[in-house]
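# Understanding the architecture of this molecule
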Amino acid sequence: MATQAAAAVADGVYRLGTSLVDFYLLVDDEGVTVVDAGFPRHWGQLDPALRAAGRRPEDVRAVVLTHAHVDHTGVAERLRAERGARVHVHGGDALGGVRRFPPLFLYWRPASWPLLVQGLRDGMLGTSRIGGFQLFDDGQTLPVPGRPHVVHVPGHTPGSVALHLPDRGVLLTGDALVTLDPYTGARGPRVMLDGVNDDTEQARRSLARLAPLGADVLLPGHGEPWHGSPAEAVERALSA
């Protein structure tokens, strides 16, 4: 469960978080976009990561959420309130102040206990509701640093999205396709455990939207980066 130092995982893309939860910085000449937002106590990772990327705290322009589970929204409200970053989320996940807790029954599995312990340690129960946010929809290229293109992939949550950076060969998949299921400990490309998805069959169908995209690095919300084509990752996920 160790915190990981910020690491460049693609051109202008940095990975933050822990061994169980990932979030990312997109860096370009216009500033920085934070993709997903970890747990609240991951705040301390941001400024060292920005320095590693040659940027300053005031360079953060936006937070883009792949979905609104609490392990992806932790520092979003603080970035909005203290640094003026605009928070962007799909309309399907905008209810409830953009903060969704997974069902407690998921934690009956011993394999899921490390995620629960980490969440409690890192402030999950105190995750702030987001006071203001911008809505986006499928097919948009967002006007934020990195210019991510939105691919709606419902199933994990109604508003789950992937973010495609075609000019960098990068696809950020959120929890639509992960390489570690933190509830089971299973590794390799896959859809997450049935109970954590709103609709697992829809989540599986949504993967068809990722397969044809041009990328050679997939960056999930949980697990190590996947180096290879989205089509191959999707094939493996569907057979896992």
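In this text the structure is predicted, and so the values were computed from the model without any measurement.

Calculation notes
Residues numbered from 1 in each chain as written. Predicted model: local features only at pLDDT ≥ 70, side-chain atom pairs only at ≥ 80, totals over all residues. Heavy atoms only, no water. Helix = DSSP H or I, 4+ residues; strand = E, 2+ residues; numbered from the N terminus. Buried < 20%, exposed > 50% of the residue type's maximum accessible area, 1.4 Å probe, protein only. Pairing = 2+ DSSP bridges. Axes fitted to C-alpha atoms, helices over the stretch in contact; angles between N-to-C directions. Contact = heavy atoms within 4.5 Å.

### Remarks on unusual backbone geometry
- Its identity as a non-glycine residue notwithstanding, Asp 36 has a phi of 65 degrees, on the positive side.
- Looking at the secondary structure, you find Asp 36 in the loop between β4 (31-35) and α1 (43-52).
- Under the relative-accessibility criterion, Asp 36 is labelled buried at 2%.
- Of note in this structure, Arg 147 is not a glycine but carries a positive phi near 50 degrees.
- Locating Arg 147 in the fold gives a position in the loop between β7 (134-136) and β8 (149-152).

### Focus: the sheet that holds β4
- Spatial strand order, β1-β2-β3-β4-β5-β6-β7: seven strands in an open sheet with mixed pairing. The open sheet has two free edges, formed respectively by β1 (7-10) and β7, since each of these has just one partner strand. Taken over all neighbouring pairs, the strand axes of this sheet differ in orientation by 30 degrees on average, direction set aside.
- In this structure, β1 lies alongside strand β2 (residues 13-17), joined through three bridges in antiparallel fashion. Within β2, the residue paired with Ala 7 across the bridge is Arg 15.
- Sheet strands touched by helix α2 (residues 76-83): β4, β5 (60-64) and β6 (86-90). Its angle to β5, the strand with the most contacts, is close to 150 degrees.

### A word on the sheet that holds strand β10 (residues 170-174)
- The strand order across the open sheet built from five strands is β8-β9-β10-β13-β14, with neighbouring strands paired in mixed fashion. The sheet is open, and its two borders are formed by β8 and β14 (226-227), each paired with just one other strand.

### What to know about the pairing of β2
- Within β2, five of the five residues are buried, which leaves it mostly tucked inside the rest of the structure.
- Along β2, one buried face is formed by Val 13, Arg 15 and Gly 17 and the opposite face, lined by Tyr 14 and Leu 16, is buried too.
- Linking β1 to β2, which pair antiparallel, is a turn of two residues; within it Gly 12 sits at a positive phi near 70 degrees.
- Alignment of β2 against strand β3 (residues 22-28), held across five bridges, turns out to be antiparallel.

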